[in-house]
Amino acid sequence: MWSRGKNSHRNNKACELYNSFAFFIKKGWGVLNTICTTLSLVLVERGRKTMRITLFGTRGSRPVSGPQYNSYGGDTTCAAVFANSQKTFILDAGTGICRLNQIGDKELYLLLTHLHWDHIQGLPFFEPAYDADKNISIYGKANGKSVKGALDNQHERFNFPVPFDALKGIKDILEFHPGEEIYDDGEMSIDTLLQNHPSGGSVAYRFREQLGDGSCTAFIFSTDYELEGNWLDDRVAEFWSKADLVVADMHYEPADSEREENKYKSGWGHSDYKSGIRLATVAEVKKLVGTHFAPSSTDNYLSQLESRMEDEAERMAEQLGKAKVETGLAQPLQTHILPSESYVI
């Protein structure tokens, strides 16, 4: 049995082992992906309800490659939630989803925030989708054009040689209206919120898992949104309220920034670190992790941004008279285990 206490010798050894395998995967040893996933499972204390969140794709707009992106990643958006019930929920299908090609689960849930290319472009290369023995359910918001129609378009012969119908592992495509609860198995529930983003908005997802003492742990995935400076921003803060972990859009520099990198573009549907930290502080979020980085954001830039986030979190806590939010930025294979301490690999 693996303990998750800070002083546990066995727990430290497990984390060291996990970290070693994650290092090799980051260097391109994708064959170890399944082993890394298995090792993360043994970090979970038996008999205690937990939720694991692993980030696979951290980039926005388009994938990038090169040594200047080694630490913070080049794949487009994808994350996964591994529930205590052993069910797996995949968030978005950017190129990061290919890191899950060796996943052994027969039943998978794929939740799409919206249908822009950087959030679906990995699906044609997601090997489990072609396996007829899989049972994959895709969830997406109803928005004029159907989710099935948008995915079909990506597979038109002028775009891709294989038709969407060849993805035999996809058994259901379920559309919903944001604001609805879309899943509840008595242990894990998922509800949704419509966010401000071009072409009909994007969806934020809130995962809540019931604990043995009647309380719950909460994780929110809230990317591709732009604050509007009105009551709709209050709805986002309310949706984030008291979450254990929020992974949020930090594509741009703040509008008032004097830096030349990643200039804020009004109306393009993205956010920045100051807006995220303010929302998280108001909402009393425990930890905020930025994601959806601009293609031009190098490791050097993002490393500096993490330091700026720490200073801003302290300043905002003092200004609002609230607790300081723990902050960080997403990295490929970074894993958070909720509740209690996160193992950030």
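Residues numbered from 1 in each chain as written. Predicted model: local features only at pLDDT ≥ 70, side-chain atom pairs only at ≥ 80, totals over all residues. Heavy atoms only, no water.

## Remarks on the pattern of salt bridges
Let me state the cut-off plainly: A carboxyl oxygen of Asp or Glu within 4 Å of a side-chain nitrogen of Lys or Arg is what we treat as a salt bridge. In this description a helix means any DSSP run of H or I spanning at least four residues, a strand means any run of E spanning at least two, and both kinds are numbered starting from the N terminus. Only protein chains enter the accessibility calculation, which uses a 1.4 Å probe. A residue is then buried if its area is under 20% of the maximum for its type, exposed if over 50%, and partly exposed in between.
As enumerated under the stated definition, the model contains 16 salt bridges in all. Salt-bridge contacts for Asp-191 lead to Arg-208; the nearest nitrogen and oxygen are separated by 3.4 Å. Taken together, the residues span a long stretch of sequence, with Asp-191 in strand 8 (residues 188-195) and Arg-208 in strand 9 (residues 202-210) at a distance of 17 residues. On the basis of relative accessible area, Asp-191 is assigned to the buried category, the value being 11%. Beyond isolated ion pairs, a larger network of salt bridges with shared partners links Lys-148, Asp-152 and Asp-165.

## Brief notes about the sheet that holds strand 9
What counts here: Pairing between strands is defined by DSSP: at least two bridges between them are needed. Simply put, an axis is a line fit to the C-alpha atoms, just over the touching stretch for a helix, and the angle between two N-to-C directions goes from 0 to 180 degrees.
Strand order in this open sheet of seven strands is 7-8-9-10-11-12-13, and the pairing throughout is mixed. The open sheet is flanked by strand 7 (181-184) and strand 13 (326-329), the only strands paired with a single partner. On average, each strand axis in the sheet is tilted by 15° relative to the strand beside it, whichever way the strands run.

## As for unusual backbone geometry
The linkage connecting Leu-338 with the following residue, Pro-339, adopts the cis geometry, with an omega of -5°. Summarising the element assignment, Pro-339 is placed in the segment after strand 14 (335-338). Unusually for a residue other than glycine, Ser-199 sits at a positive phi of about 70°. Considering the arrangement of structural elements, one finds Ser-199 in the loop between strand 8 and strand 9. A positive phi angle, close to 55°, is found at Asp-224, a residue other than glycine. In this structure, Asp-224 sits in the loop between strand 10 (216-222) and helix 4 (231-240).

## Quick look at the pairing of strand 12 (residues 287-291)
Applicable threshold: When the strands point away from the viewer, a crossover counts as right-handed if the path from the first strand over the helix to the second runs clockwise.
Counting buried positions along strand 12 yields five of five residues, so the element is predominantly enclosed. Residues Lys-287, Val-289 and Thr-291 of strand 12 are buried on one face, and the alternating residues Leu-288 and Gly-290, pointing to the opposite face, are buried as well. In this structure, strand 11 (residues 245-249) lies alongside strand 12, joined through five bridges in parallel fashion. Residue pairing in the sheet places Val-247 in a bridge with Val-289 of strand 12. Between the parallel pair strand 11 and strand 12, the chain is carried across by helix 5 (residues 273-282), and the sense of this crossover is right-handed. As paired elements, strand 12 and strand 13 share four bridges and run parallel to each other. From the neighbouring strand, Gly-290 faces strand 13, where its bridge partner is Leu-329. Crossover connection from strand 12 via helix 6 (residues 299-320) to parallel strand 13: handedness right-handed.

## Regarding the sheet that holds strand 1 (residues 51-57)
If you trace the seven strands from one edge of the open sheet to the other, you get 6-5-4-3-2-1-14, paired in mixed fashion. Each having just a single partner strand, strand 6 (170-176) and strand 14 make up the two edges of the open sheet. Adjacent strand axes in the sheet meet at a mean angle of 20° when their direction is disregarded. Of the pairings in the sheet, the one linking strand 4 (residues 107-111) to strand 5 (residues 135-141) comprises five bridges and is parallel in character. Residue pairing for strand 5: Leu-111 is matched across the bridge by Tyr-139.

## Description of the environment of Val-289
Going by this rule: The contact criterion used throughout is that any non-hydrogen atoms of two residues lie within 4.5 Å.
If you trace the backbone, Val-289 turns up in strand 12. Distance in space between the C-alpha atoms of Val-289 and Thr-327 is 5.8 Å, their sequence separation being 38 residues. Setting aside residues no more than four positions away along its own chain, Val-289 makes contact with Leu-55, Leu-245, Val-246, Val-247, Ala-248, Gly-328, Leu-329, Ala-330, Gln-334 and His-336.

## What to know about the packing of aromatic side chains
Applicable threshold: A pair of Phe, Tyr and Trp rings is counted when the ring centres sit within 6.5 Å of each other, with Trp represented by its six-membered ring. The angle between the planes then sorts it: under 30 degrees is stacked, over 60 is edge-to-face, the rest tilted. Comment: the charge-over-ring label is applied if NZ (Lys) or CZ (Arg) is within 6 Å of the ring centre and within 35 degrees of the ring normal.
A complete count under the given rule lists ten aromatic pairs for this structure. Measuring from centroid to centroid gives 6.2 Å for Tyr-72 and Phe-293, while their planes differ by 85°, and the two rings are edge-to-face. Here the residue Tyr-72 occupies a position in the loop between strand 1 and strand 2 (78-82), and Phe-293 occupies one in the loop between strand 12 and helix 6, the gap between them amounting to 221 residues. Accessibility classification places Tyr-72 together with Phe-293 in one group, the buried group. Ring plane angle 90° and centroid distance 6.2 Å describe the contact between Tyr-225 and Trp-240, whose orientation is recorded as edge-to-face. Of this pair, Tyr-225 sits in the loop between strand 10 and helix 4 while Trp-240 sits in helix 4, and the two are 15 residues apart along the sequence. Each member of the pair, Tyr-225 as well as Trp-240, carries the same accessibility label: buried. By way of ring pairs, the aromatic residues Phe-89, Tyr-109, Tyr-139, Tyr-183, Phe-207 and Phe-219 are connected into one cluster. Here the basic side chain of Arg-206 rests over the ring of Phe-239, its NZ or CZ set 4.3 Å away from the ring centre.

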